[in-house]
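# Chains, contacts and geometry: an overview
The lines below spell out each chain.
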Amino acid sequence: MAPASTRPTSRDVAQAAGVSQAAVSLVLGDKWRGRVSQATAERVRQAAHDLGYRPNLAARNLRLGRTRTVLLVVPALTTEFFAGVYTGAARVAAEHGFGVVLYPSPEGIGPARNPFASAQAALDGVIASSMAADALTAIRGDQLPLVMLDSDPEGSLGAATVNLDIADGVRQVADHLLALGHRHLLHLAADVPSWTFEVRARELAARVGAVPGTSVGTARAPISIEDAHAATEAALSAPGRRPTALVCDDDKLAAGAYKALRRLGLRVPDDISVTGLDDLALATAIDPELTTVRLDAELFGERGMHALLAVLEGRTPVGGDIPVELVVRGSTAPPRAS
């Protein structure tokens, strides 16, 4: 019997059962039928049970050319949204015997250093956000089975794409503000070169532009409270008609806008309505609480992992965008009569 202080090996099982290591591999790999007797198979299984033997899956996977490891490439973890994406992906991965390595690309965009000597040797596949797409070249992730998140399905690098219905979320925001009576809006757009933000700008302009007598201005800012503060203050201090509603691409941008509005002596929503997009914890931490679009980050991660598993197994992933929901809170109201 193997010493108590060491992990039992297949050699220990072979010695206890009186068979070769090859026979142990056949039995425990469930490939014994027609090659060893039923009695021998039962003897091997009993010896493994008595010794507390567990196969070394890592070594087995390396022999098979599979590590059962997936790389999740996301922008720098500046919000809990991508933590939710990881949680969902990791949950599904664990159910299927896979592990997930989380790899944030610097600044959210641009090349990332290779986290492995050879990504192709270390990974079975990659899930990547469109905001981190440039990182794929550096890690050679575009040469592995790849699922893209939040990406243009027509120009995706991946074998599959998984998207939230961002366009519908923006339409819900626009319809809500238009129904309240707003006609002059300012779009505080994320200054990030990404398909998802292009969709937001396009859908907002189209939805509002379909109503006569409306206008949509644009101010741009990187996704940070400080930059949003500066961009909002500059836009609202400029000469011309002041918008009655501020549509922000992200809840963090909305929080920065709140600071600028307070500095300018404007009250939310009495003087100007504000909307966000994400429904982060931040949305209910600011006052008044933010009207925003709820994105199910964990479901997003789950669907991404299910899609990659389908690609690895040669199946067609489930299609269809993930629904999103407008959550109306205290930051929107009808515009003040002029």
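Summary of the structure given here. Residue indices follow the written sequence of each chain, beginning from 1 at its first position. Side-chain atom pairs in this predicted model are given and counted only at pLDDT of 80 or more, local residue features only at pLDDT of at least 70, and totals for whole chains, interfaces and linings cover all residues. The basis for every side-chain value is the complete set of non-hydrogen atoms in the structure, without hydrogens or water.

Take the packing of aromatic side chains next. Each aromatic pair joins two rings of Phe, Tyr and Trp (for Trp, the six-membered one) with centres within 6.5 Å, and gets the label stacked for planes under 30 degrees apart, edge-to-face for over 60, and tilted for any other angle. One pass over the structure, following the stated rule, counts 2 aromatic pairs. Centre to centre, the rings of Phe-81 and Phe-82 are 5.1 Å apart; their planes meet at 85°, and the pair counts as edge-to-face. Only protein chains enter the calculation, and the probe is 1.4 Å; a residue is then buried if its accessible area is under 20% of its type maximum, exposed if over 50%, and partly exposed in between. Given a relative accessible area of 9%, Phe-81 falls into the buried group. Considering the side-chain rings of Phe-81 and Phe-300, the 6.2 Å spacing of their centres and the 45° angle between planes classify their relative orientation as tilted. Here Phe-300 lies in helix H12 (residues 297-312) and Phe-81 lies in helix H5 (residues 81-95), a separation of 219 residues in the sequence. With respect to class, Phe-81 is no different from Phe-300; both count as buried. Strands are runs of DSSP state E lasting at least 2 residues, helices are runs of H or I lasting at least 4, and numbering of each runs from the N terminus.

Here we come to the pattern of salt bridges. Close approach of charged atoms lets side chains of opposite charge pair. A pairing counts as a salt bridge when a side-chain nitrogen of Lys or Arg comes within 4 Å of a carboxyl oxygen of Asp or Glu. Scanning all chains against the criterion turns up 13 salt bridges. The salt bridge partner of Asp-270 is Arg-267, with a shortest N-O separation of 3.6 Å. Of the residues examined, Arg-267 reaches a relative accessible area of 46% and is grouped as partly exposed. A salt bridge links Arg-294 to Glu-325; its shortest N-O distance comes to 3.8 Å. Highlighted residues: Arg-294 in strand E10 (residues 292-294) and Glu-325 in strand E11 (residues 325-327), separated in sequence by 31 residues. Overall, Glu-325 belongs to the partly exposed group, its relative accessible area being 44%. Through salt bridges with shared partners, a single network forms among Arg-267, Asp-270, Asp-271 and Arg-336.

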